[in-house]
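Below, each chain spelled out in residue letters.
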Amino acid sequence: MKIVKYILQGLLVILIILQFIRPEKNTNGYESISEFETETKPSSDVSLILKENCYNCHSNHTEYPWYAEIAPISFFINEHINHGKSHFNVSEWNTYSAKKKDRKIEELVEMVEKEEMPLNSYKLLHGDMSENEQKLLLQWAGLVRLQYKSQLKVSIAY
């Protein structure tokens, strides 16, 4: 029984020490997102959907919930953000070619249609997109893809 007590005390000490180790915050400002929105022109409804379901993990600007200050949750959230940004980061949108932009929007469509985005762990805490929100997001994405497809056809013609 004493071993269990020592293990629990050790775990408590580790948990306390972890509270002083903070992962770097992802708060570089909303300006980089505005460049993406200026180019892709989402409606106000779609912009809200993107803000509530995408930008926290797929941009350089995260709005952190209160529990993001508690370790080890803070490390878990930080890993999700870094992973999400490695696949698709709207804050780097202006560095992508038209072909890559089209591919990223195509991936967005695939993930939303398969209901793989937002992640289940995100939905658990923040709620899921309604069918109407998914429909609006997919319609917008289709229009954005048309824009990039036409750019690609023009560049191929030259």
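First things first, this report covers the structure right here in the doc. If you're wondering where the values come from, they're calculated on a predicted model, not measured in any experiment.

As a further point, take helix α2 (residues 31-40). When we look at burial in α2, the residues that qualify are S32, I33, F36, E37 and T40. Buried residues along α2 cover an arc of 140° about the axis, so they all sit on one side. Facing away from the buried surface of α2 by more than 90 degrees, the exposed residues are E31 and T38. Looking at the residues trailing α2, positive phi occurs at K41, about 50°.

A separate point is the layout of surface pockets. In this structure, the largest pocket occupies an estimated 720 Å³ of space. Forming the walls of the largest pocket are 33 residues, and the residues nearest its centre are C57, H58, H80, M117 and L119. Those elements that place two or more of their residues in the lining of the largest pocket are α4 (73-87), α5 (98-113) and α6 (120-126). If one sorts the elements of the lining of the largest pocket by residue count, α4 sits on top with eight residues. Among the residues forming the lining of the largest pocket, the class breakdown is 20 nonpolar, ten polar and three charged.

Here we take up the packing of aromatic side chains. Per the counting criterion, the structure on display carries seven aromatic pairs. Aromatic pair F36 and Y55: ring centres 6.4 Å apart, planes at 90°, arrangement edge-to-face. Placement of F36 in helix α2 and of Y55 in the loop between α3 (44-53) and α4 is noted, with a sequence separation of 19 residues between them. Each member of the pair F36 and Y55 is classed as buried. Between F36 and W140, the aromatic rings sit 6.1 Å apart at their centres with planes inclined by 70°, giving edge-to-face as the arrangement. Linking F36 in helix α2 with W140 in helix α7 (residues 131-157), this pair joins segments that are 104 residues apart in sequence. Taking the relative accessible area as the measure of exposure, F36 reaches 0% and is therefore buried. Here the aromatic residues F36, Y55, F88, W93, Y96, W140 and Y148 are joined through ring pairs into a cluster of three or more.

This next bit is on empty space enclosed by the protein. Under the counting rule described, the total for this entry stands at one cavity of 30 Å³ or more. Its volume calculated, the largest cavity comes out at about 80 Å³. Lining the largest cavity are R22, P23, E24, K25, Y64, A68, E69, S74, I77 and N78. A class-by-class count of the residues in the lining of the largest cavity yields four nonpolar, two polar and four charged.

Negative phi characterises most residues that are not glycine, and trans characterises most peptide bonds. Cis geometry marks the peptide bond from A71 to P72; its omega dihedral reads 5°. The phi torsion at E115 lies on the positive side, around 60°, for a residue other than glycine. With respect to the secondary-structure elements, E115 resides in the loop between α5 and α6.

When you line up the elements, K101 lands in helix α5. A relative accessible area of 9% means that K101 is categorised as buried. When the C-alpha positions of K101 and S47 are compared, they lie 17 Å apart, and in sequence the two are 54 residues distant. Here K101 is in contact with E39, W93, Y96 and Y148, once residues within four sequence places are set aside.

The rules behind each value
- Residues numbered from 1 in each chain as written.
- Predicted model: local features only at pLDDT ≥ 70, side-chain atom pairs only at ≥ 80, totals over all residues.
- Heavy atoms only, no water.
- Buried < 20%, exposed > 50% of the residue type's maximum accessible area, 1.4 Å probe, protein only.
- Helix = DSSP H or I, 4+ residues; strand = E, 2+ residues; numbered from the N terminus.
- Arc of directions from axis to C-beta.
- 1 Å grid on protein atoms, 1.4 Å probe; cavity = no way out; pocket = protein on both sides within 12 Å on 5 of 7 lines; lining within 4 Å.
- Points joined across faces, edges and corners; volume = space filled by probe spheres on them.
- Nonpolar A, V, L, I, M, F, W, Y, C, P; charged D, E, K, R; others polar.
- Phe/Tyr/Trp six-rings, centres within 6.5 Å; stacked < 30°, edge-to-face > 60°.
- Contact = heavy atoms within 4.5 Å.

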